[in-house]
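Overview (structure and organization)
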Amino acid sequence: MQGTVAAAGAGMAAIALSSCSSGGDSQQEDGEPQVVTDSSQIVAVLDGDYENVSNSLSASSTWSLPLGTMLFHNGGNTWAAAMLTPESATSVNTVGVLSLSSGNLTTLLDVASLGASYSFFDVRCSDQVYAWIEINYTDGSWVLLGQGLSNGALYGSPVQLDSGDSDWEPPRFTVWNSSVIWQKMPLASGNRTTEYSHCYIWTVGSSEGQEIYESHGRFATTPRVSGSVLTIAPRVREGSGVYYGMTAVDITSSSYDQIDQLVLPRTVSPFDATYMNDQFVFSIEASYSGVGSLGNMGTFIGKEGGPYLYLRREPLAQVAGNGSRYLVKSQASHFVIDTEAQNYAVLISPDRSIDYGDFPATEGASSQFLTFATVRDDTGVPASVTARVFSI
């Protein structure tokens, strides 16, 4: 159990982090590793099993944003969090929100709350809560903070949710409704590598955050929420080797009940995972030999026992979608996969985009899909960021 986090900064509240009454108890028995050697269990999107069709998605809104803007959309209908370029020489960066109706950017914080030695490191928001990390790059210390959000404006005082030094990795985190969910993990190369990792949740107005899950090793993926289901990938099958179990958790349950799990073959580490439509949508970043089809690089959709839909492309970001449609990032575009129609299309990046083109800002199931891409001007110099919203 974590102790109380000390407050830092004038007027800043702090919470205690505790094991809830059922957080550890609700972790069920781990499933069997899914070693798939039967080719009939794999439905290959690009190898003839799905039809290639023309793309029918078109942007409902397109905006030009300042160069360096990064966006993060957690499925709400109104706002996306934004990491922004500095407005003055006094700060490295600023953070704010993008209105998904008007395209207007609003700066919410232009100076880190812990002072000039800290910079903004990461940010997320829903329509009800704003969360961000401040980091001191000199000594590696960081804090995770949360604050209420209403109509695109902060209210109340910032709350310090967690903190760590250079032996602890800055948290991977997400938001859901009025809650912040994050993972506290030892740095893979630090002095605390034998410490357990924890997944916590805090809700605006609460004096205490609760533990959802304890992993006896580092989590493999960023926590993702789709609908009311949290997906995490803790170490499982302790004592049997290195196994990761993609785990779906009901975050509306007071005991954070596990509702599904898919254990990957030994040593296979997922790059990203989200539970959507009662299936895991997950990706593998590297190819593993001798462990079956789920050790191949690419993106999969399925659950324990199969079959698995498979897109044979290097994964670069999280998957988003709505209903039977899934949007999967490839190197310079997105694949739009429809599992009901059994076809796929390609969503092209904006003209003059550089490197990897569009990046998805949206995670999980959403009726809106937000992307952003750095684009060049007529001389070939990176000049701005193009944000696009698609209705799915």
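Look a little higher up for the structure.
To start, this report covers the structure provided alongside it. On a predicted model such as this, the values are computed, not experimentally measured, just so you know. Every residue gets a number counted from 1 within its own chain, in the order that chain's sequence is written. For this predicted model, a pLDDT threshold of at least 70 governs which residues receive local features, and a threshold of 80 or more governs which side-chain atom pairs are given and counted, while totals over whole chains, interfaces and linings are taken from all residues. Only hydrogens and water are set aside when side-chain values are computed; all heavy atoms of the structure are taken into account.

1. Some thoughts on the sheet that holds strand S29 (residues 333-338)
- Pairing between strands is defined by DSSP: at least two bridges between the two strands are required. We count a stretch as a helix when DSSP gives it H or I for four or more residues in a row; a strand needs E for two or more, and each element gets its number in order from the N terminus. Read across the open sheet, the six strands follow the order S4-S30-S29-S28-S27-S32; overall the sheet is mixed. This sheet does not close on itself; its edge strands, each paired only once, are strand S4 (51-52) and strand S32 (364-365).
- The pairing of S4 with strand S30 (residues 343-348) spans two bridges and is parallel. Directly across from Asn52, in S30, lies its bridge partner Tyr344.

2. Concerning the sheet that holds strand S7 (residues 79-84)
- The strand order S6-S7-S8-S9 describes an open sheet built from four strands, whose pairing is antiparallel. Single-partner strands in this sheet number two, and they are strand S6 (70-72) and strand S9 (105-109). Between one strand axis and the next, the sheet turns by 35 degrees as a mean value, whatever way the strands run.
- Direction of pairing for S7 relative to strand S8 (residues 94-99): antiparallel, over a ladder of six bridges. Considered in S8, the bridge of Leu84 is made with Thr94. Axes here refer to lines fitted to C-alpha atoms; in helices the fit is confined to the stretch in contact. Angles between the N-to-C directions go from 0 to 180 degrees.

3. Concerning the nonpolar core
- By convention a nonpolar core is built from buried Ala, Val, Leu, Ile, Met, Phe, Trp, Tyr and Cys residues, the set being connected through side-chain atoms within 4.5 Å. Classification of residues uses two cut-offs on accessible area relative to the type maximum, computed with a 1.4 Å probe and protein chains only: under 20% is buried, over 50% is exposed, and between them is partly exposed. In this structure, Met246, Leu262, Leu264, Phe282, Leu294 and Tyr308 are the most contacted members of the largest nonpolar core, which totals 21 residues.
- Every element with two or more residues in this core is listed here: strand S21 (243-250), strand S23 (270-276), strand S24 (279-284) and strand S26 (308-311).
- In this structure, Phe72, Leu109, Phe120 and Val143 belong to the second largest nonpolar core, which totals 19 residues.

Geometric descriptors of this kind do not, in isolation, establish any biological role.
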